Amino acid sequence: MGKECGCKTQVTSKELEIIDTIRKVKKNYENSDILCLKKTKHLPSRGEVISIIKDLRGVMFPGYFEEYSVSVSYAEYYAGNIMVNIKERLFRQVLLAFQYESDEDNYSEELVNKADEITMEFIKKLPEIQEMLLMDVQAGFDGDPAAKSKEEIISCYPGFFAIYVYRLAHELYKSNVPFVPRIMTEYAHNKTGIDINPGATIGKYFFIDHGTGVVIGETTEIGDYVKLYQGVTLGALSTRSGQKLRDVKRHPTIGNKVTIYSGASVLGGETKIGEGTVIGGNAFITESIPANAKVIVKNPEFKIKETQKMSKDTITWEI
């Protein structure tokens, strides 16, 4: 028989520090409406919203993202089954969003009816959104000689994926649904590096080439047949006034058939870019540009010279 050790459990200094930390965190919970969710209310599920985005791609572009083929004869049943399922799931997330921002602890009949109506209107808009997306695919194919097919754009291009998510989110944004539209576009932002606020207004036949680093602010207005390259910012001149600028037009208006090359920034709510204008790379624009203009940044002067320490075949560039 072994002997009992008779040891007493002692709390170490590190454990005491952890206990003290937990008490401080709990105090923050109690003192903040942000850190501790209001009573029994819950925010919409980010995971569920992302799942809806993925499932809707199967409706918009059947046969591209499923692990099985979808025949034309089966397509109507396939799309109908998915949309019924999506309608119920999206309704739940929209209801959670409205209820979280309301003063009511329970779901009122008014909130339920509002969420149901908005969800149904969104579902009814899907054919129109699909038509817009098909034009965006065409814009990508017409505008990129590296594209081997339209199918490649749908299945591979990050710019098109960001536009797809934006067009879904924008419909919910117009209905003043909290949280859900931004969850959608931030998911696309995370995946592609393209940041399109759901409040932006974007016309038909829109294409983002390469895409990484593109930023399109909330009150931006973009016309039809517009093309952007990587690193373009359509932003605000200043946001120092913070929430006082809410609902104020802070971002530029881009006319039809405008092309903006990589690294260009167009800033300010009063800035308007006229139809047919081309903005060169790295331009910094804070005032309006007339129609059919070309804006270029003068290249920095550079020299080419040979150095004595290097062979005659080696050339260095000074910029």
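See above for the structure.
Source: prediction; values computed, not measured.

*Asks:* Lay out the side chain of Asp-195 with the relevant residues and their values.
*Replies:* Relative to the elements of secondary structure, Asp-195 occurs in strand β1 (residues 195–196). Of the buried charged residues, Asp-195 lacks a salt bridge, with Arg-182 as the closest side chain of opposite charge at 5.1 Å.

*Asks:* Pulling in residues and values, what's your account of the nonpolar core?
*Replies:* Counting 73 residues, the largest nonpolar core has Ile-216 and Ile-260 as the members making the most contacts within it. Secondary-structure elements contributing two or more residues to this core are α2 (46–60), α3 (72–101), α4 (109–143), α5 (150–156), α6 (158–174), α7 (180–192) and β3 (207–208). Excluding its chain neighbours within four sequence positions, the residues that come into contact with Ile-216 are Asp-195, Ile-196, Asn-197, Ala-200, Ile-202, Phe-206, Ile-222, Leu-228 and Leu-234.

*Asks:* So what's going on with unusual backbone geometry? Residues and values would help.
*Replies:* Even without a glycine there, the phi angle at His-210 is positive, about 65°. Looking at the element boundaries, His-210 is found in the loop between β3 and β4 (215–216). Residue classification places His-210 among the exposed residues on the basis of a relative accessible area of 53%. Within the chain, Asn-282 stands out as a residue other than glycine whose phi angle is a positive 65°. Looking at the element boundaries, Asn-282 is found in the loop between β12 (278–279) and β13 (284–285). Residue Asn-282 is classed as exposed on the basis of its relative accessible area of 59%.

*Asks:* Kindly report on the packing of aromatic side chains, identifying the contributing residues and their values.
*Replies:* For the coordinates displayed, the defined rule picks out six aromatic pairs. For the pair Tyr-100 and Phe-179, a centre-to-centre distance of 5.8 Å together with 75° between the ring planes defines the contact as edge-to-face. Remark: Phe-179 occurs in the loop between α6 and α7 and Tyr-100 occurs in helix α3; sequence separation between them is 79 residues. On the basis of relative accessible area, Phe-179 is assigned to the partly exposed category, the value being 32%. Note on Tyr-205 and Tyr-225: the rings are 4.7 Å apart at their centroids and 40° apart in plane angle, and the pair reads as tilted. With a gap of 20 residues between them, Tyr-205 in the loop between β2 (201–202) and β3 and Tyr-225 in the loop between β5 (221–222) and β6 (227–228) connect regions that are remote in the sequence. The class of Tyr-225 is partly exposed, set by a relative accessible area of 38%. Over the aromatic face of Phe-91 sits the side chain of Lys-87, whose NZ or CZ is 5.4 Å from the ring centroid.

*Asks:* So, the sheet that holds β13: which residues are in play, and what are the values?
*Replies:* The strands making up a sheet associate through hydrogen bonds between their backbones, and the pairing can be parallel or antiparallel. Across the sheet, which stays open at both edges, the five strands sit in the order β1-β4-β7-β10-β13 with parallel pairing between neighbours. With one partner strand each, in any of the chains shown, β1 and β13 form the two edges of the open sheet. With two bridges connecting them, β1 and β4 associate as parallel partners. Looking at β4, one finds that Ile-196 is bridged to Ile-216.

*Asks:* Can you tell me about the environment of Val-112, naming the residues and giving the values?
*Replies:* Mapped onto the elements, Val-112 comes out in helix α4. For Val-112 and Leu-96, which are 16 residues apart along the polypeptide, the C-alpha to C-alpha distance reads 9.7 Å. With sequence-adjacent residues up to four places away left out, Val-112 is seen in contact with Phe-91, Leu-95 and Tyr-107.

*Asks:* Mind laying out the pattern of salt bridges, listing which residues take part and the relevant values?
*Replies:* Per the stated rule, a full pass over the model turns up 13 salt bridges. For Arg-182, the salt bridge is made with Glu-186, and the minimal N-O distance between the two is 3.1 Å. With Arg-182 and Glu-186 both in helix α7 and four residues apart, the pair spans about one turn of that helix. Judged by its relative accessible area of 42%, Arg-182 is partly exposed.

*Asks:* Give a detailed account of a nonpolar patch on the surface, specifying residues and quantitative values.
*Replies:* Side chains of Val-25, Tyr-29, Ile-34 and Leu-35 sit close together on the surface and give an oily, nonpolar patch of about 420 Å² of accessible area. Assignment of secondary structure puts Leu-35 in the loop between α1 (13–31) and α2.

*Asks:* Before we move on, could you go through the sheet that holds β2 and cite the residues and values that matter?
*Replies:* What the four strands build is an open sheet, ordered β2-β5-β8-β11; its pairing is parallel. Taken across any chain shown, the strands that pair with only one partner, and hence form the sheet edges, are β2 and β11 (272–273). For β2 and β5, the ladder comprises two bridges, and the chain directions are parallel. Its bridge partner being in β5, Ile-202 is matched across the sheet by Ile-222.

Here is what the cut-offs are and how they apply
Per chain, the residues get numbers from 1 upward, laid out in the order the sequence is written. pLDDT decides what is reported in this predicted model: residues at 70 or higher carry local features, side-chain atom pairs at 80 or more are listed and counted, and totals for whole chains, interfaces and linings draw on all residues regardless. Side-chain measures here rest on the full set of heavy atoms in the structure, leaving out hydrogens and waters. Numbering goes from the N terminus for both helices and strands, where a helix is a DSSP run of H or I of at least four residues and a strand is a run of E of at least two. When a residue's accessible area, from a 1.4 Å probe over protein chains only, is under 20% of the maximum for its type it is buried; when over 50% it is exposed; and in between it is partly exposed. Charge counting treats Lys and Arg as positive and Asp and Glu as negative, with His and both chain ends excluded. In what follows, salt bridge is the name for a side-chain nitrogen of Lys or Arg lying within 4 Å of a carboxyl oxygen of Asp or Glu. Residues belong to one nonpolar core when they are buried, are Ala, Val, Leu, Ile, Met, Phe, Trp, Tyr or Cys, and are joined through side-chain atoms within 4.5 Å. It only takes one pair of heavy atoms within 4.5 Å for two residues to be counted as in contact. A pair of aromatic rings is counted whenever rings of Phe, Tyr or Trp (Trp by its six-membered ring) have centres within 6.5 Å, and the orientation is called stacked for planes under 30 degrees apart, edge-to-face for over 60 and tilted otherwise. By the criterion adopted, a ring carries a charge over it if an Arg CZ or a Lys NZ lies within 6 Å of its centre and within 35 degrees of its normal. When DSSP locates at least two bridges between a pair of strands, those strands are taken to pair. Patch members must show over 30% relative accessible area and no salt bridge, and they are joined within 9 Å when carrying like charges or within 5 Å when they are nonpolar side chains of Val, Leu, Ile, Met, Phe, Trp or Tyr. We get accessible surface area from the Shrake-Rupley algorithm with a probe of 1.4 Å; when it comes to residues, only the shown protein chains can shield them.

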